[in-house]
Amino acid sequence: KKLGWAVVGLGKFATQQIIPSFAECKRSKLVALVSGDRPKAEQYARQYGVNPKNIYNYQNYDTIRNNPEVDVIYIILPNALHAEYTIRGAQAAKHIMCEKPMAITVAECQAMIDAAKKAGRKLMIAYRAQYEPFNLAAIQLAQSGKLGKLKSIVSDHGRNLDPKDPADRWRANKKLAGGGSLYDIGIYSLQATRYITGEEPTEISAMMYSTPNDPRFREVEENVNFTLRFPSGVLANCTSSYGYSDTKRIQVFGSDATLELDPATDYYKHRLTVKSKNGNEERNIQEQNQFALEMDHLSESIMNNKQPKTPGEEGLQDVKLMQLIYEAARTGRTIKV
Ligand code: NAD
C-alpha cells in the first residue's frame, strides 16, 4: 500500500529531486500538486501522471482537506513560508513533511508542532542525511566505539550563492530566508554534530564574516564558524559559507581512528573513509535514493502510528541552536545552551 502525497511548491528542489524520487518509493506516491503557476503544474501533472483535478493553488490550498487521496503534504517553499503552509496543512487534517530549516523562529516551530498535535497528525522535518546509508554508517561507526573515544568533529558545508539562479534569489532576502548560509547549508554541519554524537551541545561560540560590498550579502550572512561543546567532552568545529566553493564534509576524530565523509551530504555521491594506524579503508556502501527513503519513512510512521525519527522537535532544536550561534557571533560571548 502507498500513501498519497501532495507537493507544495514546484521549485528547483521539488522538481529536480523530490518529484522524480517517488518512482523509487515503496510506500509513497505523488497524487497532488500545489503551485501558483497553473501551466507549470499541468505540465508536471502530465509528466508524472497526477490527475489535473488534484492541482491546487495557494488560495484554494485549504480545500485539500476534502481530498481523501491526499494523506501527506510536503512543503518545499522558501523558508519563511514553511510555518504558514504546515499549519494550514495540519488544519486540513493532513500529515506534513516540511523542508529544512523548519521555520524562521522558535515560536513558529512551536506553533507548527502544536498545530500537528492538535490535528492528531504527524510532522516530520526533511533531514535527508538521517536516512542516507553513508551517514547512517558513520553514525554507527562513531557510536559503536569503533573509532575509540570520540574527541572532535569538524564539519564544513558551503557553496557560492549564485544570484543568477532564481532559487538563490530568495536565499539572499532575509525576510524569505530567515538567515544566510547557516540557515540554508550550515544547518547540515550543525545536524552532523548532533547525529554523530547523539548528544545536544551545552556551549556555543561563533564568529561571522560577510565580504563588504558584495551585493549577495546585503541582508544575509556569508560565513559563520562555530564551536560546540558536548556533554561527553566532544568539541565540534563547524563552518558554513555562501562564499567558498562546494564543500559538504564531516570528519570525526576518535582516539583509535578518524572517519571522513566527503562528500557527506551530496544528493547522489558519498564517500566514507576510516583512517587508522592500519591505513585508510574506504567503506563499500550501496548508494540509495535518500529522498525515497525519507519519504517512505514518514509514510511508514503514519501507517504504524509511530513518531518519525526527525519530528518537528528536531527542527525546532536546530532553529533554537542557530539563533544561539548568531547570538554568540554577535556578542562575542560563549553562550550556555
Ligand atoms: P526554489 O526557489 O527553487 O523553490 C521555491 C518555490 O516556491 C518556487 O517554485 C517558487 O515559485 C515558490 N514560491 C511560492 N511562493 C513564493 C514566494 N512568496 N516567494 C518566492 N517563491 C515562492 O527553492 P528551492 O531550492 O527548491 O528550495 C525550497 C525549499 O527546499 C527551501 O526551504 C530549501 O531550504 C529546501 N531545500 C532543501 C534541500 C535538501 O537537500 N533537503 C535542497 C534544496 C532546497
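Note that this is a predicted model, so its numbers are computed, not measured. (Residues numbered from 1 in each chain as written. Predicted model: local features only at pLDDT ≥ 70, side-chain atom pairs only at ≥ 80, totals over all residues. Heavy atoms only, no water.)

1. Some details on the sheet that holds strand β10 (residues 235-241)
Spatially, β14-β13-β12-β11-β7-β10-β9-β8-β15 is the arrangement adopted by the 9 strands of the open sheet, whose pairing is mixed. Only two strands of the sheet have a single neighbouring strand rather than two, namely β14 (279-282) and β15 (335-336). The pairing of strand β7 (residues 150-158) with β10 spans 7 bridges and is classified as parallel. Within β10, the position partnered with Ser-152 by the bridge is Leu-235. Contacting β7, β9 (223-229), β10 and β11 (247-254), helix α8 (residues 181-197) runs over the sheet at an angle of about 160° to β7. In the packing of helix α10 (residues 312-331) onto the sheet, contacts are made with β8 (203-209), β9 and β15, and the angle to β8 comes to roughly 65°. (Pairing = 2+ DSSP bridges. Helix = DSSP H or I, 4+ residues; strand = E, 2+ residues; numbered from the N terminus. Contact = heavy atoms within 4.5 Å. Axes fitted to C-alpha atoms, helices over the stretch in contact; angles between N-to-C directions.)

2. Section: the site of the ligand
Around the ligand sit 21 residues, and of these Lys-12, Asn-79, Lys-100, Arg-128 and Trp-170 come closest. One nitrogen or oxygen atom from the main chain of Leu-77 is found 3.1 Å from an oxygen atom belonging to the ligand. At 3.0 Å, a side-chain N or O of Glu-99 approaches a nitrogen atom of the ligand. When isolated, the ligand has an accessible area of 830 Å², and the protein chains bury 79% of it. Put simply, the parts of the chain that give the shell around the ligand at least two residues each are α1 (12-21) and α8. When its residues are assigned to classes, the shell around the ligand shows 11 nonpolar, 3 polar and 7 charged. Looking at the shell around the ligand, you find at least three residues from each of domain 1 (3-127 + 291-306) and domain 2 (133-286 + 319-336). (Near = heavy atom within 4 Å. Polar contact = N/O pair within 3.5 Å; in protein donor to acceptor, adjacent residues only side chain to side chain. Areas by Shrake-Rupley, 256 points an atom, 1.4 Å probe, with all protein chains shown as cover. Nonpolar A, V, L, I, M, F, W, Y, C, P; charged D, E, K, R; others polar. Domains from an automatic or database assignment.)

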